[in-house]
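# Summary of structural features
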Amino acid sequence: MKKILALILALFIVSPVFADTIGSINYREVIANYSKAKSAQNEIEDRANELQQFLLVKEKEFKKIESPVQKKSFEEQTAKLFAQKQDAYQKYKVKKEKEIDDAIVAAIKTVAIENKVTSVIDARVMFFGAVDLTQQVIKKLNTGS
């Protein structure tokens, strides 16, 4: 019985050695302060504005057409062209967002390894008890070091 009690006590003493270190990041803050994320967001917004301008121009052109047959043909051509432009916009947006997300994940992994952190979670999930890596991740992303 004493051996079992001693073994249990030894496990409690040694268990902190095996404990995981948890880190946290504020993902929103990282996105807001990552220069490439800001420029990617601006590029995405510019492309969305181009789509809106395209529609405005086509609407003005449409109003100038008098023949119902020409209007129908114009609508079909415009709808087809807009669908192509919208598809290209969506693909571009997804590509840019993936590039940013991949860079952020890589920076998080690097900072976690440098700080001997085994798990990283979003700061909104854990209020305390985790090492905040947010500023280090932002620095890593913006300086590349």
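Above this text you will find the structure in question.
Attention in this report is confined to the structure presented alongside it.

## Focus: the pairing of strand β1 (residues 22–25)
Inspection of the sheet shows β1 paired to strand β2 (residues 119–122) by 4 bridges, in the parallel sense. When the bridges of β2 are listed, Gly23 appears paired with Val120.

## A few points about the nonpolar core
One finds Val30, Ile104, Val137 and Leu141 to be the most contacted residues of the largest nonpolar core, which totals 16 residues. Broken down by secondary-structure element, the contributors of at least two residues to this core are α3 (35–64), α4 (68–114) and α5 (134–143). Broken down by element, this core gets its largest block of residues, 6 residues, from α4. Val137 has contacts with Ile25, Val30, Ala107, Ile108 and Val111, leaving out every residue within four places of it along the chain. Ile44, Leu51, Phe82 and Tyr92 belong to the second largest nonpolar core, which has 6 residues in total.

About the criteria used
- Residues numbered from 1 in each chain as written.
- Predicted model: local features only at pLDDT ≥ 70, side-chain atom pairs only at ≥ 80, totals over all residues.
- Heavy atoms only, no water.
- Pairing = 2+ DSSP bridges.
- Helix = DSSP H or I, 4+ residues; strand = E, 2+ residues; numbered from the N terminus.
- Core = buried A, V, L, I, M, F, W, Y, C linked by side-chain atoms within 4.5 Å.
- Buried < 20%, exposed > 50% of the residue type's maximum accessible area, 1.4 Å probe, protein only.
- Contact = heavy atoms within 4.5 Å.

So far we have only geometry, and geometry alone does not tell us how the molecule works.
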